[in-house]
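Residue-level structure breakdown
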Amino acid sequence: MASVTFQNVFKKFGDLEIIKNLNIHVEDKEFLVLVGPSGCGKTTALRLLAGLEEITDGEIKIGERVVNDVAPKDRDIAMVFQSYALYPHLSVYDNMAFGLKLRKTPKEEIKKRVNDAAEILDITHLLDRKPRQLSGGQRQRVAVGRAIVREPKVFLFDEPLSNLDAKLRVQMRAEISKLHQRLQTTFIYVTHDQTEAMTMASRIAVINKGLLQQLDTPQALYDKPNNLFVAGFIGSPAMNFFSATLNVSDGKVLVETDSFKVQIPEALSAPYKNLGGKNIIFGIRPENIHDPEFAPPNIHGEKVSVKVDVTELMGNETFLYLMSGKNTFIARVDPRSKKRVGDDMQVIFDMDKFHIFDASTEEAVR
Amino acid sequence: MAISKSTQKARKKRQSNLPYLYLLPAFLIMGVITFYPLIYQVIISFTNFESKHLLLGLRSPELEFIGFKNYIDIFTAALPVENFNFFRVLTFNFWWAISNVFLHVPAGVLIATLLNTEGLWLKKIYRAAYILPVVVPPLVVATVWTNIFDERYGAMNQLLAIIGGFFGNPDPVYIRWFEDVKPPIPGFLPGAPLTLAYYAMMIANFWLGWPFMSVVATGALQSIPKDLYEAASIDGATGSQQFWNITVPLLRPAMIPAAVYGFTLSFNLFNFVFFMTGGGPARSTELLVTFAYNLVRNLRWYGVAAAFAVIIFIVALIVFLITNRITRATQNYQEAG
Ligand SMILES: Nc1ncnc2c1ncn2[C@@H]1O[C@H](COP(=O)(O)OP(=O)(O)OP(=O)(O)O)[C@@H](O)[C@H]1O
Ligand SMILES: [Mg+2]
C-alpha cells in the first residue's frame, strides 16, 4: 500500500509534448480516476507510472520512493490493460500464477492466492481454460485476477471496461468498486467515460490535452467545475452554455444573452458586481432548468421563453431540446411534463445553480 | 415451391459435376507425366533393367523379372559398390536433416528476435541482406564454399591458422575437409561416422538455411502483441524470461511447420551435397537421393535405381505422414478450438 505522486512530470514523444507538467498526489488506499477525452494522455500517464515509458522530466514517486529509474517489475504495481493482454498460450490459472512463479513464490502459496482471487472474481470454474475460450467479461476478470494475486501496492487500470457491453459494464463497475473496498489498496483507473469516473472514484483527475484541469471529488467537480472544459466534460447530458454579457445596474447583476436575460440572485452576485460589460459564458445544467408546472418551490427561478424542438421521454425523466433565439439547449424535466414538440413555453432557470466562465480564459468566475 | 426445389436440385447437381470437368485436363497431364512413370518405375524395380534395355523397354527379350532381388541387394549391401551400406546412408540422411533443422530454427529465431529490437538502426537493410543467400543459386553457393574449404588456399583453413596464431601456434593449417575419412568425433552418431566433410557442409548449409527460418520468425514475431511483453515485464519477467515464456511459445505455431519444411528440404538437398562433396569421402556424406542418382548416372543400373527410388518414396511418405501430423497438431492458439 502506498501513495503515488506525479511531480512536474513531462512526457515528450519526439517533439510532441503529450504530458505537460502533471502534478497529482494520490493518497494511500485512494481510488483515483483519470478521465479525459480520447488522446489526452491518460494511458501515457499510467504507462509512465508503470514504467513502460520513460518520463522526459519530473519525478514519479510510489510511497516515498522515486521510481523514475526503477524497472516495471520492481515498482510493485499491477496493471490491467485495456486489451487485457492475457497470455494466449497459458491457462487462466497459469496466467494468474505467472507473476508469482517468476517471483519464486512457493507452490502452495501460489495455489492459495490464485484460488482466492478466482473465488473473489467468480472464475473458479474457468481456471483450466485458455483465454480464447472466454467471453470478454470473463477475460476482463482474469486480467483483474492476474493483478490481484500479486498483492501489489498500486493497481493500475487502463479502460478495463471499454470492451464490454453496457450492461456488463455497469455490473463490473460495481465489482471493481467492491474490490477496492475489499483490498484496501491504491487504485488508479483510467477511463474516458465520465459516468465510470463519477460512480467509482474517490477523487477524479480531469485531463485535457496533457494538462491536468482539475483534481477533486466527483461531487465537487460536478458542483464547482474550475473551467469550461471540466464543466462540459462532467455530467450527462452536458451542461448548457450560452455566450453572454454581464450587465450591472442598481446593484443587480444580469446575464444577457442575445435572446434572454436572467438575474443572478443577490446573495450570489458579489463576485460579479465589478464586472459590468464583461463577456462571459453562462452555464447551467439541464436538471436545473424546470418545467414551471413542476419547478421546486423556494428557488430563485428566472423565466425564459423557449420553443420545444425535440423531446426525449426516458420514463423516469424527460429531455427537452429547447430553442431560444439562436441558442439551443437541453432541459431535464419531470416526466409528467406535457410539453410537446413545437410548443412555445416558459422554462424556469434555477439561478442558485448557475456557472459563469470568463469568455477568454474559460476559467470559472466566482 | 416444388418446382423450384427440383430445379434447385438439378442446378446443384450440375454445379457439383462441373469441377470434375475442369480438373480433367490436369488429371490427364498428371497421368502422363507423373503416374505413368511412377508405375513404370515400380515395375522395373523388379527387373534387371540396364542401359541395354533402354531401346525396347519392358518388351526387351532378355529383360528378366527377378522379384525382390534388387531390394534385398540394397538392404543387405550386396551391391558391388564400394562403401555402400543402405542403413548407414539412411541414418546419415536423417541425421543430416535433423541436425540442420536443430541448428537453423534456433539461429533463425534468435537473429529475428534480435533484429526485432525496437529502435534498432538499419533494420530493413539487415532484413534484406539475410534474404540474399536464399536467392543465390545452389551451384554458386556450393562452388564458393568448396573454395572456402580448399585445403591449401581456402579461407577456412587460413582463418583457423589465424586463430591458432592468436593462441601461440604459428603453424599453417592444412585440414583436408573433403578428403579426410577419419571422423573428428568418433562414435558421435552410432552407425554412421561423421567426417569433416559433414561439418563443412553443415557450416555451408547453415549459411543457406537460417535466413528462411528468420524470415518466418520475423513475420510471426510481428504478430505477437506488444502488450504481452509489457504485461510480462510488470509481472516481473526479465528479457530472457520474456523470450522463453512468451516469444518461444508464441512462435511455436509458426516455427514448427517451417521446421518441418526445412527438414524435408534438407532431407532431399540433392544439388548442394552433390556439388560440394559428391557424397564423399567414402560415401560418408551420401544422401539417399545422391546415391540413387549415382546408381543411374554412373552405374546405369536402372533396375536397382528404381528399387532404390521406391524405397526413398516409402521413406519420404513415412516422413511426410509424421511431419504432417506434427504440423496439424500445432495450430495457432487463436484458431484451435
Ligand atoms: N509511443 C508513442 N509515440 C508517439 N506518440 C504517442 C505514443 N503513444 C501515445 N502517443 C500520442 O500521445 C497522445 C496521448 O495518447 P494516450 O494513449 O495517452 O491517450 P489516451 O488519453 O489514453 O486516449 P484513449 O482514451 O484514446 O486511450 C496521443 O495523441 C497519441 O497519439
Ligand atoms: Mg488510452
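Residues numbered from 1 in each chain as written. Chains lettered and ligands numbered in written order. Predicted model: local features only at pLDDT ≥ 70, side-chain atom pairs only at ≥ 80, totals over all residues. Heavy atoms only, no water.

Time to look at the pattern of salt bridges. Across all of its chains, the model carries 17 salt bridges over all chains by this definition. Residue Glu-151 of chain A is joined to Arg-113 of chain A by a salt bridge in which the shortest nitrogen-to-oxygen separation is 3.7 Å. With a gap of 38 residues between them, Glu-151 of chain A in the loop between helix 4 (136–148) and strand 7 (154–158) and Arg-113 of chain A in helix 3 (residues 107–121) connect regions that are remote in the sequence. Judged by its relative accessible area of 53%, Glu-151 of chain A is exposed. When the shortest N-O distance is used, the salt bridge between Asp-358 of chain A and Lys-278 of chain A registers 3.0 Å. Taken together, the residues Asp-358 of chain A in strand 20 (residues 354–358) and Lys-278 of chain A in the loop between strand 13 (261–264) and strand 14 (279–284) connect sequence positions 80 residues apart. Look at Lys-278 of chain A and you get partly exposed, because its relative accessible area is 25%. Through salt bridges that share partners, Arg-47 and Glu-53 of chain A together with Glu-230 of chain B make up one connected network. (Salt bridge = Lys/Arg side-chain N within 4 Å of Asp/Glu carboxyl O. Helix = DSSP H or I, 4+ residues; strand = E, 2+ residues; numbered from the N terminus. Buried < 20%, exposed > 50% of the residue type's maximum accessible area, 1.4 Å probe, protein only.)

Residue and element names in this part refer to chain A. Counted residue by residue, strand 8 (residues 186–191) has 6 buried out of 6 residues, so it is predominantly covered. Judged by which residues are buried, strand 8 turns out to be covered on both faces: Thr-186, Ile-188 and Val-190 on one side and Phe-187, Tyr-189 and Thr-191 on the other are all buried. Pairing between strand 3 (residues 31–35) and strand 8: 5 bridges, direction parallel. Of the residues in strand 8, the one forming a bridge with Leu-32 is Ile-188. For strand 7 and strand 8, the ladder comprises 5 bridges, and the chain directions are parallel. Residue pairing for strand 8: Val-154 is matched across the bridge by Thr-186. Handedness of the strand 7-helix 5 (residues 166–183)-strand 8 crossover: right-handed. (Pairing = 2+ DSSP bridges. Right-handed = clockwise from strand over helix to strand, strands pointing away.)

Taken together, the contacts link 20 residues of chain B with 23 residues of chain A. With both sides pooled, the region where chain B packs onto chain A buries about 1900 Å², and carbon together with sulfur makes up 61% of that total. Glu-230 of chain B is the salt-bridge partner of Arg-47 of chain A, the closest N and O atoms lying 2.7 Å from each other. Counting across the interface, chain B meets chain A through 10 residue pairs in polar contact (both at pLDDT 80 or more). If you list the elements that add at least two residues to the side of chain B that touches chain A, you get helix 9 (226–235) and helix 10 (239–267) of chain B. Among the residues making up the side of chain B that touches chain A, the classes are represented as 10 nonpolar, 7 polar and 3 charged. (Contact = heavy atoms within 4.5 Å. Buried area = accessible area lost by both parts, 1.4 Å probe. Polar contact = N/O pair within 3.5 Å; in protein donor to acceptor, adjacent residues only side chain to side chain. Nonpolar A, V, L, I, M, F, W, Y, C, P; charged D, E, K, R; others polar.)

This part is about the pairing of strand 16 (residues 301–313) of chain A. All names here are of chain A. Taken together, the 7 bridges between strand 16 and strand 19 (residues 344–350) define a ladder with antiparallel strand orientation. Residue pairing for strand 19: Lys-303 is matched across the bridge by Ile-348. With 6 bridges joining them, strand 16 and strand 17 (residues 318–324) adopt antiparallel strand pairing. By the bridge assignment, Lys-307 is partnered in strand 17 with Met-323. Hairpin remark: strand 16 followed by strand 17, antiparallel, with 4 residues in the connecting loop; positive phi at Gly-315, about 100°.

Residue and element names in this part refer to chain B. Counted under the stated rule, the structure contains 42 aromatic pairs over all chains. When the centroid spacing of 5.1 Å and the interplanar angle of 85° are considered together, the rings of Phe-75 and Phe-86 count as edge-to-face. Of this pair, Phe-75 sits in helix 2 (residues 69–75) while Phe-86 sits in helix 3 (residues 86–115), and the two are 11 residues apart along the sequence. Ring plane angle 80° and centroid distance 5.2 Å describe the contact between Phe-243 and Trp-244, whose orientation is recorded as edge-to-face. (Phe/Tyr/Trp six-rings, centres within 6.5 Å; stacked < 30°, edge-to-face > 60°.)

Let us look at the confidence of the model for chain B. In regions of low pLDDT, the predicted coordinates are not meant to be interpreted in detail. Per-residue pLDDT for chain B averages 82, and the proportion of residues at 70 or more is 94%. Predicted as a complex, the structure gets a pTM of 0.80 and an ipTM equal to 0.85. (pLDDT = per-residue confidence, 0-100.)

We now examine the environment of Ala-232 of chain B. With respect to the helices and strands, the residue Ala-232 of chain B is situated in helix 9. A residue is classified by how much of its surface remains accessible, and Ala-232 of chain B, at 0% relative accessible area, is buried. When sequence neighbours within four positions are dropped, the list of residues in contact with Ala-232 of chain B reads Tyr-87 and Phe-98 of chain A together with Ala-237, Gln-242 and Ile-246 of chain B.

Grouped together as the largest cluster of nonpolar side chains are 109 residues, with contacts concentrated most on Ile-188 of chain A together with Phe-308 of chain B. By residue number, the principal contributor to this core is helix 8 (residues 196–222) of chain B, which donates 12 residues. Structurally, this core is a two-domain feature, drawing no fewer than three residues from each of domain 1 (36–83 + 286–310) and domain 2 (85–284) of chain B. Contact partners of Phe-308 of chain B, with chain neighbours within four places excluded, come to Ile-74, Phe-84, Phe-86, Leu-288, Phe-291, Ala-292 and Leu-295 of chain B. Ranked by size, the runner-up nonpolar core spans 45 residues in total, among them Val-35, Ala-143, Phe-155 and Tyr-222 of chain A. (Core = buried A, V, L, I, M, F, W, Y, C linked by side-chain atoms within 4.5 Å. Domains from an automatic or database assignment.)

Quick look at the layout of surface pockets now. Residue and element names in this part refer to chain B. The volume enclosed by the largest pocket comes to roughly 690 Å³. For the largest pocket, the lining is made up of 25 residues, of which Asn-116, Glu-118, Lys-226, Tyr-229 and Gln-242 are closest to its centre. Contributions of two or more residues to the lining of the largest pocket are made by helix 3, helix 8, helix 9 and helix 10. Top element by residues in the lining of the largest pocket is helix 9. It accounts for 4 residues. Residues of the lining of the largest pocket, tallied by class, amount to 9 nonpolar, 9 polar and 7 charged. (1 Å grid on protein atoms, 1.4 Å probe; cavity = no way out; pocket = protein on both sides within 12 Å on 5 of 7 lines; lining within 4 Å. Points joined across faces, edges and corners; volume = space filled by probe spheres on them.)

To continue, consider the site of ligand 1. All names here are of chain A. Around ligand 1 sit Phe-13, Ile-18, Ser-38, Gly-39, Cys-40, Gly-41, Lys-42, Thr-43, Thr-44, Glu-159 and His-192, and that is every residue in its neighbourhood. Within the side chain of Thr-43, an N or O atom sits 2.5 Å from an oxygen atom of ligand 1. Here an oxygen atom of ligand 1 and a side-chain polar atom of Glu-159 are 3.0 Å apart. Relative to its free-state accessible area of 640 Å², ligand 1 is covered by the protein chains to the extent of 60%. The leading source of residues in the shell around ligand 1 is helix 1 (residues 42–50), at 3 residues. (Near = heavy atom within 4 Å. Areas by Shrake-Rupley, 256 points an atom, 1.4 Å probe, with all protein chains shown as cover.)

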